[in-house]
Amino acid sequence: MKTNHCSTLMAITPRPDLVIARGAGSYVWDERGTRYLDFVQGWAVNALGHCAPEVQAALAEQAARLITPSPAYHNRPQLELAAQLVETSGLAQAHFCSTGAEANEAAVKLARKWGRTRRRAAYEVITTNNAFHGRTFAMMAASGKLGWDGLFPPNMPGFRRVAYGDPAAVRAVIGDHTVAIMVEPIQGEGGVIVPARGYLRELRAIADEYGVLLIADEIQTGIGRTGTLFCHQQEQVLPDILTLGKGLGAGVPIAAVLANQIASCFDYGDQGGTYNGNPLVTAVALKVLQIVKEPAFLEHVRSTGAYLRERLRTLEEFGCSARGSGLLWAIVLPDDCAEAVRDECLAAGVLVNAPRPNLIRLMPSLRVQHSEVDELLAVLEPILRQRLLRVA
Ligand SMILES: *Cc1c(COP(=O)(O)O)cnc(C)c1O
């Protein structure tokens, strides 16, 4: 990849030699006017595609009315968003923040407080290998991302990681010191790892049996991404604490932590944040939620997701396989050529993500059309054919 290093930006990731200038729906354009079909969408963030008219309208309307009154006062969009999320999730209370990592921090704070006051000072949270919960110190410790443990020692204590998808591994370490089990219903950053059916239900049963909390990190899987409003609904279980982010704001920075009556144990002074629940972002999230929870919208996610899965099956002849749910998919390549495939796609006008050396991840707009799926395959298929059939 031809990269464009900017001397005034800290070096956190290599970026391709282009500047994205505008977006609409499933497409972005760079400053040279080149158009790209976008199957990254801000990393599964733009649930409604780029610059959705509804998001623009909610932003413009709210920007003209009230942007940030301070979290020390009520504002109407925050009140309505909390009410709607509580009603649709079946949980009792919500707290808003700006990023997913912050929502997960709040979730663990709730669990530790609940443990201190209700479970004889238990504090340990069981998480899973290969998980991704964010980049704060605590969330780096909670995540099982390879290579992270040695980056910024000393690491935050209080997390115990076990194998993903394996309820027995949780049973093996759970004890008096355990306060919660924290898990993604499908591991997103980890490479779209879909556990066996019943995994979340078993974790719910273990949490109930031992009297600990179940925290579902649905920052990537929630808000329609996997074909239902929340992924945990597919297992008919309710977590005690639920975190949301990414798609909730459809491009604007908002995240949420929701908790049931017993887990929602913050007192005044326990939690805060300058931008929490500001009306500019809550007004957008309110609009997003109203759109995404419509049965026809979710049906579109499921049917387009099924179509994408069908089309990805055709890549099996090159030794590829696909896994995912709804509109969150990964293509497993037969060798470690994901970055090269990503770069060839970019050169052909398609944006995809390569989270692992052998993995391409697809996170289109939830409004993606069949024709856009066809357009993706029309680019991807010859690239994989060229690269993989030659090897075979
Ligand atoms: C992206 C992500 C996070 C972190 O969200 P940020 O907004 O980047 O802090 C946490 N958990 C999951 C499952 C995610 O996909």
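Just above, that's the structure.
This is a predicted model, so every value here is computed, not measured. (Residues numbered from 1 in each chain as written. Predicted model: local features only at pLDDT ≥ 70, side-chain atom pairs only at ≥ 80, totals over all residues. Heavy atoms only, no water.)

Visitor: What am I meant to see in the sheet that holds strand 14 (residues 353-356) here?
Guide: Backbone-to-backbone hydrogen bonds pair the strands of a sheet. The strands run either parallel or antiparallel. Strands sit in the order 11-12-15-14 across an open sheet of four strands; the sheet is antiparallel. Each edge of the open sheet carries a strand with a single partner, namely strand 11 (321-325) and strand 14. Strand-to-strand twist of the sheet, defined as the mean angle between neighbouring strand axes without regard to direction, takes the value 30 degrees. Examined bridge by bridge, strand 14 and strand 15 (residues 359-362) share two bridges and lie antiparallel to one another. Residue pairing for strand 15: Asn353 is matched across the bridge by Arg361. (Pairing = 2+ DSSP bridges. Helix = DSSP H or I, 4+ residues; strand = E, 2+ residues; numbered from the N terminus. Axes fitted to C-alpha atoms, helices over the stretch in contact; angles between N-to-C directions.)

Visitor: So what exactly am I meant to see when it comes to the side chain of Asn278 here?
Guide: Along the chain, Asn278 falls in the loop between strand 10 (255-259) and helix 8 (279-292). A residue is classified by how much of its surface remains accessible, and Asn278, at 9% relative accessible area, is buried. From its side chain, Asn278 meets the backbone oxygen of Tyr275 in a polar contact 3.0 Å long. Ignoring any residue separated from it by four or fewer positions in sequence, one finds Asn278 in contact with Ile67, Thr68 and Asn75. (Buried < 20%, exposed > 50% of the residue type's maximum accessible area, 1.4 Å probe, protein only. Polar contact = N/O pair within 3.5 Å; in protein donor to acceptor, adjacent residues only side chain to side chain. Contact = heavy atoms within 4.5 Å.)

Visitor: What is the right way to read the state of the cysteines from this model?
Guide: In protein structure, a disulfide is the covalent linkage between the sulfur atoms of two cysteines. The full count for this structure, using the stated rule, is zero disulfides. Free of any disulfide, Cys337 has its nearest neighbouring cysteine sulfur in Cys320, separated by 7.5 Å. (Disulfide = S-S within 2.5 Å.)

Visitor: It is not clear to me how the packing of helix 2 (residues 53-65) against helix 8 should be interpreted in this structure. Could you clarify?
Guide: A pair of packed helices is characterised by two quantities: the angle between their axes and the separation of those axes. Between helix 2 and helix 8, the least distance of the axes is 9 Å, while the angle of their chain directions is 145 degrees. Seen along the crossing, helix 2 lies across helix 8 with a hand that is right-handed. In contact with Glu54, Val55, Ala58, Leu59, Gln62 and Ala63 of helix 2, helix 8 contributes Pro279, Leu280, Ala283, Val284, Lys287 and Ile291. Class assignment of the residues belonging to the contact of helix 2 with helix 8 gives a composition of nine nonpolar, one polar and two charged. (Left-handed = near helix turned anticlockwise from the far one by under 90°. Nonpolar A, V, L, I, M, F, W, Y, C, P; charged D, E, K, R; others polar.)

Visitor: Sorry, what's going on with the environment of Gln271 here?
Guide: Take Gln271: it is sitting in the loop between strand 10 and helix 8. Through-space distance from the C-alpha of Gln271 to that of Phe132 is 23 Å; in sequence the pair is 139 residues apart. What Gln271 contacts, discounting residues up to four positions off in sequence, is His95, Ala106, Lys109 and Phe266. In terms of polar contacts, Gln271 uses its side chain to reach the side chain of Lys109, at 2.7 Å.

Visitor: Can you help me understand the site of the ligand in this one?
Guide: Thr99, Gly100, Ala101, Asn104, Phe132, His133, Gly134, Glu184, Asp217, Ile219, Gln220 and Lys246 make up every residue found near the ligand. Between the ligand and the protein, one listed contact pairs an oxygen atom with a backbone N or O atom of Gly100 at 2.8 Å. One of the backbone nitrogen or oxygen atoms of Ala101 is found 2.8 Å away from an oxygen atom of the ligand. Protein chains bury 82% of the 390 Å² of accessible surface belonging to the ligand in isolation. For the shell around the ligand, the leading source of residues is helix 4 (residues 100-118), giving three residues. When grouped by side-chain class, the residues that make up the shell around the ligand number three nonpolar, six polar and three charged. (Near = heavy atom within 4 Å. Areas by Shrake-Rupley, 256 points an atom, 1.4 Å probe, with all protein chains shown as cover.)

Just distances and angles here, no functional claims.
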